[in-house]
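Observations on the model geometry
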Amino acid sequence: MDTKRKLTVVVPVYNEEDNVEHFVRAIHESLDGLDYDYTLLYVDDGSTDSTRMKIRNMEEGDSHIGHIFLSKNFGHHWVNVDIAKLEILSHIPFYCCFP
């Protein structure tokens, strides 16, 4: 029986093509050693660059990545995930946090 706690990290992004891969590496470094079954849930807020393509490419080779692609820019403040079976939910606004 799998006793790992489930963690979902909601990551709103908008035009972050230069940063999403760096972010994934940093999160994996932080979470891989912990006893969590985690998912990085990218919420793309209508990006017009290649952010969506990069998320799709990363998702293909990484079972920890999921996505929601919005049709237009609604603003990060709308993100509210209501999933009853989540044990832990973390919301990390992106804001170009990696140079």
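Scoring rules and cut-offs
- Residues numbered from 1 in each chain as written.
- Predicted model: local features only at pLDDT ≥ 70, side-chain atom pairs only at ≥ 80, totals over all residues.
- Heavy atoms only, no water.
- Salt bridge = Lys/Arg side-chain N within 4 Å of Asp/Glu carboxyl O.
- Helix = DSSP H or I, 4+ residues; strand = E, 2+ residues; numbered from the N terminus.
- Buried < 20%, exposed > 50% of the residue type's maximum accessible area, 1.4 Å probe, protein only.
- Arc of directions from axis to C-beta.
- Contact = heavy atoms within 4.5 Å.

**Remarks on the pattern of salt bridges**
When their charged atoms lie close together, side chains carrying opposite charge are able to pair. Under the definition given, this model contains 3 salt bridges. The salt bridge involving K54 is made with E21; its shortest N-O contact spans 3.8 Å. Residue K54 is located in helix α2 (residues 51–60), and its partner E21 is located in helix α1 (residues 20–31); the two are separated by 33 residues in the primary sequence. We classify E21 as partly exposed; its relative accessible area is 35%. Where D44 meets R52, a salt bridge forms, and the shortest distance between an N and an O atom there is 2.8 Å.

**Topic: the environment of V11**
Relative to the helices and strands, V11 resides in strand β1 (residues 5–13). A relative accessible area of 0% places V11 in the buried class. Separated by 29 residues in sequence, V11 and L40 have C-alpha atoms that sit 6.9 Å apart.

**A look at α2**
Every buried residue of α2 is accounted for by T51, K54, I55 and M58. An end-on view of α2 places all buried positions within 100° of arc, on one side of the element. On its buried side, α2 packs onto β1, α1, β2 (36–44) and β3 (65–69).

**Focus: the side chain of H28**
Residue position: H28 is located in helix α1. Given a relative accessible area of 15%, H28 falls into the buried group. Once residues within four sequence positions are removed from consideration, H28 is found in contact with Y38, D62 and H64.

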